[in-house]
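Read off the chains here:
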Amino acid sequence: MKSDKQLIDETGIRSDGRKPDELRNVIIKAGVLHRADGSCYLEWGGNKVIAAVYGPREAIPRHSQNSLRAIVNARYNMAAFSVDDRKRPGPDRRSREISKVISEALEKVILTDYYPRAAIDVNIEVLNAEAGTRCAGLTAAGVALADAGIPLKDIPVACAAGKIGATEEDGTFTGGHVVLDLGKEEDNFGNADLPIAIAPRTNEILLLQMDGHLSSDEFERALDYAIKGCHDISKLQKEALLKKYNVSEGDE
Ligand code: UDP
C-alpha cells in the first residue's frame, strides 16, 4: 500500500469531492429479512451489505459448546458479483480473517454469559464492494444483533481512516494527508488504511487493523478521525432501529 498518486488537491478536496473529515453517504435499514431473528441492510458509499443474525440457539456440534457462555460465529462473505473481477465463490484467507476479527469484536459487546452452550450466528453478505466492507459489515451486524433483541453492552460500530497522497503547489509530493473513510481509489492508491470498531458509549476499541505506514502523530490523528466517524455512524444505527420499531427520538 504505497503510492505517490495525488488523491487530494492543495485546497484539501479529495478526488471524489469530499473534505478530509467527510464520510461517504450511509443508509441503514433494520429488520429487512423476515426469516432471520435480526437483520440489517446497509449502504456505505458504493458498498452494499446485508447482515442476518440467527440465535441464540443450541450450539451444534456439542463439542463446540462453551458451558459458560454463547459462542459468536460471524461469517463474512463477498458475493462473486460484488467486485469488478468476478470473485471466486467461497471462503478464502481474507474472508476467514475478516470473519475472525469481526467475531472477536462482537463477542466483546454481546452478554454471552446469558446463554451458556448457545451459538449466535452472524452472516454478513457483501453484495457490492467498494472499499471498507469490513467496517460496513460490522456496522450492519451491530444493528442486526440489536434487532434480534440480543442483550448488548453497546451497539458496535466501525469506521476507517487512512492516509492519501498529495502534492504541494510546486508539484513536490508530500507525505500525504490523513483522511476519514477511504473510497475505492484511495484504498487502492493510498498510503495507509486504519479500520477500527468501537463500543461508542465508552470508546472501547473492539477492532483495530492497519495496512500501510503511519507515523505515531498521523496514527493519533487517524484514530481521532475514525472514532468521530464511528460516532456519526452510530447515530444512524440508532435511527434505523428506532424507525423500525416506530419509536420517535423523544420516546426512547
Ligand atoms: N476487493 C476486491 N476483490 C477481493 C477483495 C477485495 O476487489 O477479492 C476490493 C473491494 O472493493 C474491497 C477493497 O478491495 O472493499 C478493499 O479490501 P480490503 O481487504 O482492504 O477490505 P475492506 O476495505 O473491504 O474492509
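You'll find the structure just up there.
Residues numbered from 1 in each chain as written. Predicted model: local features only at pLDDT ≥ 70, side-chain atom pairs only at ≥ 80, totals over all residues. Heavy atoms only, no water.

A.B. asks: Outline the site of the ligand, supporting the account with residue identities and numerical values.
C.D. replies: Contacts to the ligand come from Met-78, Val-83, Arg-94, Ala-129, Glu-130, Ala-131, Gly-132, Thr-133, Arg-134, Lys-184 and Asp-187. A distance of 2.8 Å separates an oxygen atom of the ligand from a polar atom in the backbone of Ala-131. Between the ligand and Arg-134 there is a distance of 2.8 Å, counted from an oxygen atom to a side-chain nitrogen or oxygen. Within the complex, the protein chains bury 75% of what would otherwise be the 510 Å² of accessible surface of the ligand. Looking at the shell around the ligand, the elements that each hand over two or more residues are α2 (133-147) and α3 (184-189). Across the shell around the ligand, the residue classes tally to four nonpolar, two polar and five charged. (Near = heavy atom within 4 Å. Polar contact = N/O pair within 3.5 Å; in protein donor to acceptor, adjacent residues only side chain to side chain. Areas by Shrake-Rupley, 256 points an atom, 1.4 Å probe, with all protein chains shown as cover. Helix = DSSP H or I, 4+ residues; strand = E, 2+ residues; numbered from the N terminus. Nonpolar A, V, L, I, M, F, W, Y, C, P; charged D, E, K, R; others polar.)

A.B. asks: Any details on the nonpolar core? Residues and values, ideally.
C.D. replies: Judged by nonpolar contacts, the single largest core of 63 residues is most densely connected at Trp-44, Leu-106, Val-122 and Leu-145. For Leu-106, the residues in contact, after removing those within four places along its chain, are Val-72, Ala-74, Val-122, Leu-138, Ala-141, Leu-145 and Pro-156. (Core = buried A, V, L, I, M, F, W, Y, C linked by side-chain atoms within 4.5 Å. Buried < 20%, exposed > 50% of the residue type's maximum accessible area, 1.4 Å probe, protein only. Contact = heavy atoms within 4.5 Å.)

A.B. asks: Describe the sheet that holds strand β5 (residues 118-128), listing the residues and the values that go with them.
C.D. replies: The mixed open sheet is built from five strands, whose spatial order is β1-β2-β3-β5-β4. Because the sheet does not close on itself, it has two edges, and the strands there are β1 (26-30) and β4 (71-78). This sheet shows a mean twist of 15 degrees between the axes of neighbouring strands, independent of strand direction. Relative to strand β2 (residues 38-44), β1 is paired through five bridges, and the arrangement is antiparallel. Within β2, the position partnered with Lys-29 by the bridge is Tyr-41. Across the sheet, helix α1 (residues 93-107) is in contact with β4 and β5; its angle to β4 comes to roughly 145 degrees. Against the sheet, α2 engages β1, β2, β3 (47-58), β4 and β5, with an angle of about 150 degrees to β2. (Pairing = 2+ DSSP bridges. Axes fitted to C-alpha atoms, helices over the stretch in contact; angles between N-to-C directions.)

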